[in-house]
Amino acid sequence: MIFGGGGDLARRKLLPALYNLHLDGLMPPRTAIVGVGRPAMTDEAYRELAKAGIAEHSRRPVDDAAWPAFAESLFVVSASIEDSSAFAALGSRLDTIEQERGLPGNRIYYLALPPAMFVPTVEQLARARFVPPPSTAPFARLIVEKPIGHDLASAQATNDAIAKVFDESQIYRIDHYLGKETVQNILVLRFANSIFEPLFNQKYVDHVQITVAEEEGVGTRAGYYEHAGALRDMVQNHLLQLLSLIAMEPPYSLEAEVVRDEKLEVLKSLRPIEGEAVDAQVVRAQYAAGFVLGEPVPGYRDETGVVKASRTETFVALELFIDNWRWAGVPFFLRTGKRMPKRASEISVQLKEVPPILFNRDRSAPLDSNVLTVRIQPDEGFALGISSKIPGPRVRIYPVKMDFRYSSTFGTSSPEAYERLLLDVMAGDPTLFMRRDAVEAAWRWITPILERWGEQSEAPLPAYPAGEWGPPEADRLIESRGRAWRTL
């Protein structure tokens, strides 16, 4: 069941993901996909809406031979979240669908809704008796989209309300970044290759950079984004989840709770950034008018739905430290922003320089440091930068790159993140989903930054032209530490 079944997320991501799972033969043999929304719509109309969304957004086109079998699993029910009687009618329709399709009664509830509707929807599910106890058959599972709350207190309140209805084992807090192939490959890269793991520590690593750049502006999300901003929208979940994977200790097994325990330890080891430290270690900015791909684009405050005096940040850069034995003293630099020159996400682990002897004696032209780069999107893969001798009688050193690309090696497009994540929910595997304690640990670390910014309502907000890599203040942040942002 997709609450918000006719919305943007369902059309662009969820229905195409389910369709591709159907094409790959990975869906259970007997399935029903029920969209729930306010507008009255027939099943046939919903199937046409789904087909249009799949044709536009799926990584594979609509297959005329495969479509009918998928289409007959699609249904729609009109229901208002505020109307308890609508849920009674919804229950009757679900009973009918399950009986007609021979389903055992297992249900997955996907909240593709604004965050303010999470708790009311869950409470209605409880009143309608749609949620059986955990560890019973048939099962009920809940998928919750980010953001969960807007600070620590609201996240705890949302989690408390959901926990009154669903057990933690039934809740799947989704972050689509964790479903990307290259993100999943981080653990394989680190723990299935003996060449890398011994180097991932303060003895060999100079610093780590994590960049998530978005080419587009706020688009149609101004209503949400005005109350969120880049710190809440991206850093609190996506970037801190990537940080956890690249910095975690080796788990003793791949069981879900073991992996999630190790990721939590990273978040709990983050050095707090509070008070004046926020001013020294965090940069925020907002995009102004500029050019993207040669075309003029408006500034954030000129976007539809944005307050003219808005102080919402569209860019964040920060320096953080993980206070444990492995990473003591190693700076991690994170940045994310909208209206950047291109869409790109990558993690770069820069190793320390070789000693200033032998081939690195000339300090006027030092050798490039070795860099391991994990490209998350769009050119999925990873690369290792090393130094090599240029052929010839003289000893001349040149940086070269050992490069791996998913598309060229495996000859096929990677599954979309939502495909893997939805399949994991069906299978009951929570490994790639955020646990309550991890969500709240991230908010606990982020909230002092938000509080400091709240105290500085009159301070100037830096700006950067659309189509550039952020404000000069972000460059000064990393350059004052003797480093520089990598060119993507």
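Details of the structure are given in the entry above.
Residues numbered from 1 in each chain as written. Predicted model: local features only at pLDDT ≥ 70, side-chain atom pairs only at ≥ 80, totals over all residues. Heavy atoms only, no water.

**Student:** Pulling in residues and values, what's your account of the overall build of the protein chain?
**Tutor:** Broken down by element type, the protein chain carries 15 helices and 17 strands. Principal-axis analysis of the C-alpha atoms gives the protein chain an extent of 80 × 55 × 45 Å. Each of the 488 residues in the protein chain was classed as buried or not, and the buried ones make up 52%. Residue pairs at least 24 apart in sequence account for 76% of intrachain contacts in the protein chain once pairs closer than 6 positions are excluded. Carbon and sulfur atoms provide 54% of the accessible area of the protein chain, an area that totals close to 22,200 Å². Separation of charge centres in the protein chain, based on 55 positive and 64 negative side chains, amounts to 4 Å. (Helix = DSSP H or I, 4+ residues; strand = E, 2+ residues; numbered from the N terminus. Buried < 20%, exposed > 50% of the residue type's maximum accessible area, 1.4 Å probe, protein only. Contact = heavy atoms within 4.5 Å. Areas by Shrake-Rupley, 256 points an atom, 1.4 Å probe, with all protein chains shown as cover. Lys, Arg positive; Asp, Glu negative; His and termini not counted. Charge placed at Lys NZ, Arg CZ, Asp CG, Glu CD.)

**Student:** An account of the packing of aromatic side chains is needed here, citing residue identities and associated values.
**Tutor:** Taken as a whole and judged by the stated rule, the model has 18 aromatic pairs. Ring geometry for Phe3 and Phe87: centres 6.1 Å apart, planes at 10°, overall stacked. Taken together, the positions of Phe3 in strand β1 (residues 2-3) and Phe87 in helix α4 (residues 84-101) put the pair 84 residues apart, joining distant regions of the chain. When sorted by exposure, Phe3 lands in the same class as Phe87, which is buried. Between the aromatic rings of Tyr19 and Phe70, the centroid separation amounts to 5.4 Å while the plane-to-plane angle is 75°, which identifies the pairing as edge-to-face. Within this pair, whereas Tyr19 is found in helix α1 (residues 8-23), its partner Phe70 is found in helix α3 (residues 67-71), the two being separated by 51 residues in sequence. The exposure class assigned to Tyr19 is buried, which follows from its relative accessible area of 0%. Chaining the aromatic ring pairs together yields one cluster made of Phe3, Phe87, Tyr109, Phe130 and Phe166. Positioned over the ring face of Phe130 is Arg107, at 5.3 Å from the centre of the ring. Over the aromatic face of Phe139 sits the side chain of Arg141, whose NZ or CZ is 3.6 Å from the ring centroid. (Phe/Tyr/Trp six-rings, centres within 6.5 Å; stacked < 30°, edge-to-face > 60°. Lys NZ or Arg CZ within 6 Å of the ring centre and 35° of its normal.)

**Student:** Could you give an account of a nonpolar patch on the surface, naming the residues involved and the relevant values?
**Tutor:** On the surface, a nonpolar cluster with roughly 520 Å² of combined accessible area is contributed by Ile357, Leu358, Phe359, Val395 and Ile397. With respect to the helices and strands, the residue Phe359 is situated in the loop between β13 (344-351) and β14 (371-377). (Patch = residues over 30% accessible without salt bridge, like charges linked within 9 Å, V, L, I, M, F, W, Y side chains within 5 Å. Salt bridge = Lys/Arg side-chain N within 4 Å of Asp/Glu carboxyl O.)

**Student:** Outline the environment of Leu26, supporting the account with residue identities and numerical values.
**Tutor:** Residue position: Leu26 is located in the loop between α1 and β2 (33-37). In this structure Leu26 comes out as partly exposed when scored by relative accessible area, which is 42%. Not counting residues within four places of it along the chain, the set of residues in contact with Leu26 comprises Leu21 and Leu423.

**Student:** A description of the nonpolar core should follow, citing residues and the corresponding values.
**Tutor:** Counting residues in each nonpolar core, the largest one holds 136 residues, and the members touching the most others are Phe3, Phe166, Leu320 and Phe332. The element that contributes the greatest number of residues to this core is helix α9 (residues 229-247), accounting for 11 residues. Residues in contact with Phe332, not counting those within four places in the same chain, are Val208, Leu243, Ile246, Ala247, Leu318, Glu319, Leu320, Ile322 and Trp327. (Core = buried A, V, L, I, M, F, W, Y, C linked by side-chain atoms within 4.5 Å.)

**Student:** Describe the pattern of salt bridges, with residues and values.
**Tutor:** Close approach of charged atoms allows side chains with opposite charge to pair. Tallied over the full model, the rule gives 37 salt bridges. Across the pair Asp95 and Arg107 runs a salt bridge whose closest N-O atoms are separated by 3.4 Å. Pair noted here: Asp95 is in helix α4 and Arg107 is in strand β4 (residues 107-111), with a separation of 12 residues, a long-range link. You can call Asp95 partly exposed: its relative accessible area is 46%. Between Arg405 and Asp403 there is a salt bridge whose closest N-O contact spans 2.7 Å. Arg405 sits in the partly exposed class, given a relative accessible area of 34%. Linked through salt bridges whose partners overlap, the residues forming this network are Glu257, Arg260, Asp261, Arg435 and Asp437.

**Student:** Quick one: what's the story with the sheet that holds strand β15 (residues 381-389), residue by residue and with numbers?
**Tutor:** Strands sit in the order β16-β15-β14-β13-β7-β12-β11-β8-β17 across an open sheet of 9 strands; the sheet is mixed. Edge positions in the sheet fall to β16 (397-405) and β17 (463-465), since each of these pairs with one other strand and no more. Averaged over all pairs of adjacent strands, the angle between their axes in this sheet comes to 20°, without regard to strand direction. Pairing between strand β11 (residues 315-320) and strand β12 (residues 332-337): 6 bridges, direction antiparallel. (Pairing = 2+ DSSP bridges. Axes fitted to C-alpha atoms, helices over the stretch in contact; angles between N-to-C directions.)

**Student:** Report on the sheet that holds strand β5 (residues 140-145), specifying residues and quantitative values.
**Tutor:** Spatially, 6 strands are ordered β3-β2-β1-β4-β5-β6 in an open sheet, and the strand pairing comes out parallel. Two strands in the sheet have a free side with no partner beyond their single neighbour: β3 (74-78) and β6 (171-174). Summarising the sheet, β1 and β4 pair through 2 bridges and their orientation is parallel. Following the sheet pairing, Phe3 is matched in β4 by Leu111.

**Student:** Break down the environment of Ala128 for me, citing the residues and quoting the values.
**Tutor:** Relative to the elements of secondary structure, Ala128 occurs in the loop between α5 (118-127) and β5. Residue classification places Ala128 among the partly exposed positions, given a relative accessible area of 24%. Considered as a pair, Ala128 and Ser84 are 44 residues apart in the sequence and their alpha carbons are 7.6 Å apart.

**Student:** Residue-level account of the side chain of Ser253, with values.
**Tutor:** Positionally, Ser253 belongs in the loop between α9 and α10 (256-268). For Ser253, the side chain forms a polar contact with the main-chain nitrogen of Glu255, separated by 3.2 Å. In contact with Ser253, other than residues within four places in its own chain, are Val258 and Val259. (Polar contact = N/O pair within 3.5 Å; in protein donor to acceptor, adjacent residues only side chain to side chain.)

**Student:** Describe the packing of helix α7 (residues 181-191) against α9, naming the residues involved and giving the relevant values.
**Tutor:** Running from N to C, α7 and α9 point in directions that differ by 15°, and their axes come no closer than 9 Å. Judged by the angle between their axes, α7 and α9 are roughly parallel. Where α7 crosses over α9, the two elements pack in a sense that is right-handed. Mapping the contact onto sequence places Val183, Ile186, Leu187 and Arg190 in α7 and Leu242, Leu245, Ile246 and Ala247 in α9. Classifying every residue of the contact of α7 with α9 by side-chain character gives 7 nonpolar, no polar and 1 charged. (Parallel < 35°, antiparallel > 145°, perpendicular 65-115°, else oblique. Left-handed = near helix turned anticlockwise from the far one by under 90°. Nonpolar A, V, L, I, M, F, W, Y, C, P; charged D, E, K, R; others polar.)

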